[in-house]
Amino acid sequence: MQKTVSSGILLTSFAYFMFSLQDATVKWLVAALPVWQILFVRSVTIFVLCLAFGRGRLLQSARRSPVLKPLFLRSLLLLAAWLSYYTAARDLGLAELTTLYYASPVVMTILSVPLLGEKVPGYRWFAVVIGFVGVVVACGVATRGLQLSLPVCLALQAAIFWAISTVLLRKTALHERTEVQVTISSGFFLLFTAVALPFVWQPVALPDLALMAGTGVIAGIGQFALFEGMRRAPVSVLAPFEYSSLVWAFALGYLIWSDVPGANVFVGAALIFSAGMVIIASERLGGRLRARIRPVK
């Protein structure tokens, strides 16, 4: 399969749509159930799906994987990001929480230089900045301001943890098959959440259990798409497309909870869309120029 930047962008954008769908499902469930319990059922579902498709050979590959230790660290970072994010959500409004969390693409782009050795052209920095401005406009934080507090620090911490874990994913994605990485990640998450399960488990109705399992299916598909996207394009290229999940979040909010976005949301969405188009147009133009100046053998 030809690994191209365009396919990486499409897979990553699809992954963030699936993650937005997952967040909407978790938002529905977390009103009555602990986050640890939801994450456990989600992880079990993903792990079982991996075993169903890969069976024993997949487990053997996972045990011998050269990226076992980096994925262990990445899973810890993701767990910390989830806990920080949902703890902050108790005290922060959606606008502040979302804006702070979406500082992660900026951090991802910055970290891709020293950790991955990627060269980040000016247009990518421009796209990241435009995307973040779009998030600020869409959430309305620019008009209300933001006060520094413990929940604010936790939300920023979640953004940093997510950014570092995504950069680690780019490093591991180049050295291992996607299905093996998803199996290892879900296995680690299963173990981490199982430790807390005896202290937080609550009786759950069958429809809620099915919804939690459905969250696992959605998350598993999203993870697979994200891992594949990271194999095909640099982190600094894909970072601005994380902002697209904000658009999906507002759309799902309207469809599920009848939340009507204001004019600032549409302006912000236009800026976010523009950031992605800057990347796509620049990459295609750069590819054509490289093809023209390539020497003929």
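See the structure printed just above.
Let me sum up the structure you'll find in this document. (Residues numbered from 1 in each chain as written. Predicted model: local features only at pLDDT ≥ 70, side-chain atom pairs only at ≥ 80, totals over all residues. Heavy atoms only, no water.)

## Remarks on the overall build of the protein
Okay, so step 1: A count of helical and extended segments in the protein gives 13 helices and zero strands.
Okay, so step 2: Scanning the protein from its N terminus toward the C terminus, one meets helices and strands in the order α-α-α-α-α-α-α-α-α-α-α-α-α.
Okay, so step 3: The buried share among the 297 residues of the protein stands at 48%.
Okay, so step 4: For the protein, the accessible area works out to roughly 14,800 Å², and carbon and sulfur atoms hold 69% of it. (Helix = DSSP H or I, 4+ residues; strand = E, 2+ residues; numbered from the N terminus. Buried < 20%, exposed > 50% of the residue type's maximum accessible area, 1.4 Å probe, protein only. Areas by Shrake-Rupley, 256 points an atom, 1.4 Å probe, with all protein chains shown as cover.)

## Things to note about the environment of V182
Okay, so step 1: With respect to the helices, strands and loops of the structure, V182 is situated in helix α9 (residues 178-200).
Okay, so step 2: A residue is classified by how much of its surface remains accessible, and V182, at 4% relative accessible area, is buried.
Okay, so step 3: It is 9.5 Å that separates the C-alpha atoms of V182 and A62, two residues lying 120 residues apart in sequence.
Okay, so step 4: When residues no more than four places from it in sequence are discounted, the contact partners of V182 are I46, C50, Q223, F224 and F227. (Contact = heavy atoms within 4.5 Å.)

## Quick notes on the packing of aromatic side chains
For any pair of aromatic rings, geometry is given as the distance between the ring centres together with the angle between the planes.
Okay, so step 1: The full count for this structure, using the stated rule, is five aromatic pairs.
Okay, so step 2: Where F72 meets F192, the ring centres are 5.6 Å apart and the plane angle is 70°; that geometry is what we call edge-to-face. Here F72, found in helix α3 (residues 68-88), pairs with F192, found in helix α9; they are 120 residues apart in sequence, far enough to count as distant.
Okay, so step 3: The exposure class of F192 is buried, given its relative accessible area of 17%.
Okay, so step 4: Each ring, one from F188 and one from F192, has its centre 6.2 Å from the other, and the planes form 10°; the classification is stacked. Remark: F192 and F188 occur in helix α9; sequence separation between them is four residues, near one turn of the helix. The same class applies to F188 and to F192, which are both buried.
Okay, so step 5: Three or more aromatic residues joined by ring pairs make a cluster, and in this case those are F72, F188 and F192. (Phe/Tyr/Trp six-rings, centres within 6.5 Å; stacked < 30°, edge-to-face > 60°.)

## What about a nonpolar patch on the surface?
Okay, so step 1: Judged by side-chain polarity, W28, L211, Y254, L255, I256 and V260 come together as a nonpolar surface patch covering roughly 650 Å² of accessible area.
Okay, so step 2: Per-element accounting of the nonpolar patch gives the leading share, three residues, to helix α12 (residues 244-257).
Okay, so step 3: With respect to the secondary-structure elements, W28 resides in helix α1 (residues 5-29). (Patch = residues over 30% accessible without salt bridge, like charges linked within 9 Å, V, L, I, M, F, W, Y side chains within 5 Å. Salt bridge = Lys/Arg side-chain N within 4 Å of Asp/Glu carboxyl O.)

## A look at the side chain of T215
Okay, so step 1: Its location among the elements puts T215 in helix α10 (residues 206-232).
Okay, so step 2: Leave out the neighbours within four places in its chain, and T215 touches Q22, T25, V26, L29 and R42.

## What to know about the environment of R177
Okay, so step 1: Counting through the fold element by element, R177 comes out in the loop between α8 (150-173) and α9.
Okay, so step 2: What makes R177 partly exposed here is its relative accessible area of 39%.
Okay, so step 3: Between the alpha carbons of R177 and S65 there is a distance of 9.4 Å; along the sequence they are 112 residues apart.
Okay, so step 4: In this structure, R177 is in contact with S61 and R231, ignoring residues within four places of it in sequence.

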